[in-house]
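# Structural description and commentary
For reference, the chains in residue letters:
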Amino acid sequence: MRSSFSRNWDFWPLLLASIAVLLLVVTVAWREYTPEWQRQTGAFRTYLKGRGAYDAAAAVPDSVQQIWVPALSRVDRCISCHVNYDASISTLPDLPPLYRPHPDLPYMAKHPFPTFACTVCHGGQGFALDETGAHGLVEHWDDPLLTTALAANYGLTRAQLMESKCNTCHRHDDSTAGMDMINMAREIVDKKHCTSCHGLEGGGGLAASDLTYDGDLNPEMLDFSAVEGPKTTLKWEIQHFKSPQQVVKGSGMPNYRLNDEQARGLALLMMSWQRISFPPQYVPAARRRPPAVLPIVREVPYPPPANTDLGQRGRFVFMNRGCNTCHRIGGGKLIGPDLAGVAQRRSDPWLTAWLKDPAAVVAKTPDLQTWSHEFGDIIMPNQNLDDDGIKALIAYMKEFNQAGTP
């Protein structure tokens, strides 16, 4: 005889579905009432009891912990898991990494937890209460936790990567203790006179992009086709400093032949220049830069008119490529030399080779090895001119004598 169950064909599927739903409900309820941070604190209590530290185990909080910094509009709940961040619960040796106190670094006295919290220095999503979310490893969160693994992607240590965070407050320091990469980059910016071409904080040049908030550069605006490795802004910056023309076709930026460390330092400096509003008490005193490297706001000289059609085309190239930002024709040196009479001082083949690739001419001409010292160690950028443009420019130069007059 067939049972009543077997006569109903949908009995077993419905039973299995009901069991699955029940298990799902139980799982959701378990996850809801035992969140990740609570499991972590529970494990910490168990660990402490196992070490005989019962008083410490009793001190482990059983509620969400947070540091609220109204001045920074931040609520960091990282300490819900990192409950022993300030060593207030236990100082036992060999604690598991999650429960170890924050290292007692030299600068911690000036950066107390109640004033700075966590994410302003470390990155991450402070209000999240699960590891993935708190570490910022979620979609649309562009400020991930700065970890050793993340830093290794760029050939950096975690401390070096964090310098970009430090400099969001310290950008106006002359030099900042513990920020060797950023300090090196600042010296390069001064020595190479980057602000002769680039704008910076209301000053600087007009021939290249303004760098004041370069760290806010939207990666969607960058061309990653020539960038190797992770398609991130930091990687783009590093490789751009190593080889500007390879990353940005037609870039007028000189290739300073920077080594890897210098390129990384400059990239960190650029990433740190972000539009982040810190209250005045968070910002150290303004940098006292030497007068020789102060950014200069200047008027771009207007080049003299040409008298021939070819010279007129050369004048157009001269202005279109921004040559007049660095050079005068008569009137003395600007950033580069005065070009009055240059066609009498140099031959056509020499000028042609120079305009094709200035750095290559410098490299193979012993007399020019130290020439750039006179111009702040700036070697003229390769303007990637074609043959017609070079011919027109030389024709334009030939129209002027040593005094810069026709």
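For the structure, check the block above.
Residues numbered from 1 in each chain as written. Predicted model: local features only at pLDDT ≥ 70, side-chain atom pairs only at ≥ 80, totals over all residues. Heavy atoms only, no water.

### A few points about the overall build of the protein
When you go through the protein residue by residue, the secondary structure sums to 19 helices and four strands. Based on the C-alpha atoms only, the size of the protein along its principal axes is roughly 110 × 65 × 35 Å. By residue count, 41% of the 406 residues in the protein fall in the buried class. Across the protein, the fraction of contacts at a sequence separation of at least 24, relative to all contacts at a separation of at least 6, is 55%. Carbon and sulfur atoms provide 57% of the accessible area of the protein, an area that totals close to 23200 Å². (Helix = DSSP H or I, 4+ residues; strand = E, 2+ residues; numbered from the N terminus. Buried < 20%, exposed > 50% of the residue type's maximum accessible area, 1.4 Å probe, protein only. Contact = heavy atoms within 4.5 Å. Areas by Shrake-Rupley, 256 points an atom, 1.4 Å probe, with all protein chains shown as cover.)

### Things to note about helix α3 (residues 36–50)
An α-helical turn contains 3.6 residues, so any two residues separated by three or four positions project in the same direction. The terminal C-alpha atoms of α3, which comprises 15 residues, lie 21 Å apart, in line with the 21 Å expected from a rise of 1.5 Å per residue. Buried within α3 are the following residues: Trp37, Thr41, Phe44 and Leu48. End-on view of α3: buried residues confined to an arc of 50°, all on one side of the axis. With respect to the buried face of α3, the exposed residues turned more than 90 degrees away are Thr46 and Gly50. Downstream of α3 by one or two residues, Gly52 has phi in the positive range, about 80°. (Expected span 1.5 Å × (residues − 1). Arc of directions from axis to C-beta.)

### Some words on the side chain of His170
Mapped onto the fold, His170 is located in helix α9 (residues 158–170). For His170, a relative accessible area of 16% corresponds to the buried category.

### Comments concerning the packing of helix α11 (residues 233–242) against helix α13 (residues 260–272)
Axis separation between α11 and α13 bottoms out at 8 Å; the angle between their running directions is 130°. Here α11 lies oblique to α13, going by the angle between them. Between α11 and α13 lies a crossing whose hand is right-handed. On the side of α11, the interface is formed by Thr233, Leu234, Glu237, Ile238, Phe241 and Lys242, while α13 contributes Asp260, Ala263, Arg264, Leu266, Ala267, Leu268, Met270 and Met271. For the contact of α11 with α13, the per-class residue count stands at nine nonpolar, one polar and four charged. (Axes fitted to C-alpha atoms, helices over the stretch in contact; angles between N-to-C directions. Parallel < 35°, antiparallel > 145°, perpendicular 65-115°, else oblique. Left-handed = near helix turned anticlockwise from the far one by under 90°. Nonpolar A, V, L, I, M, F, W, Y, C, P; charged D, E, K, R; others polar.)

### Brief notes about helix α17 (residues 348–356)
Of all the positions in α17, only Leu351, Trp354 and Leu355 are classed as buried. Buried residues of α17, seen end-on, are gathered within an arc of 95° and therefore sit on one face of the element. If you follow the buried residues of α17, they end up packed against α16 (342–345), α18 (358–364) and α19 (387–397). The N-capping residue of α17, defined by a side-chain oxygen 3.2 Å from the backbone nitrogen of Trp350, is Ser347. (Polar contact = N/O pair within 3.5 Å; in protein donor to acceptor, adjacent residues only side chain to side chain.)

### Topic: the pattern of salt bridges
Note that side chains of opposite charge can pair when their charged atoms are close. This model, assessed by the stated rule, comprises five salt bridges. Put simply, Arg171 and Glu201 hold a salt bridge, and the shortest N to O gap is 3.0 Å. Here Arg171 is found in the loop between α9 and α10 (180–191), whereas its partner Glu201 is found in the loop between β3 (199–200) and β4 (203–204), with 30 residues between them in sequence. In this structure, Asp260 engages Lys242 in a salt bridge whose closest nitrogen and oxygen atoms are separated by 2.9 Å. Placement of Asp260 in helix α13 and of Lys242 in helix α11 is noted, with a sequence separation of 18 residues between them. Residue classification places Asp260 among the partly exposed positions, given a relative accessible area of 41%. (Salt bridge = Lys/Arg side-chain N within 4 Å of Asp/Glu carboxyl O.)

### Looking at the nonpolar core
Counting residues in each nonpolar core, the largest one holds 32 residues, and the members touching the most others are Leu156, Leu161, Leu234, Phe241, Leu266, Leu268 and Leu269. Contributions of two or more residues to this core are made by α9, α10, α11 and α13. Among the elements that line this core, the one with the most residues is α13, at seven residues. Counting 22 residues, the second largest nonpolar core, distinct from the first, contains Leu351, Val361, Met397 and Phe400. (Core = buried A, V, L, I, M, F, W, Y, C linked by side-chain atoms within 4.5 Å.)

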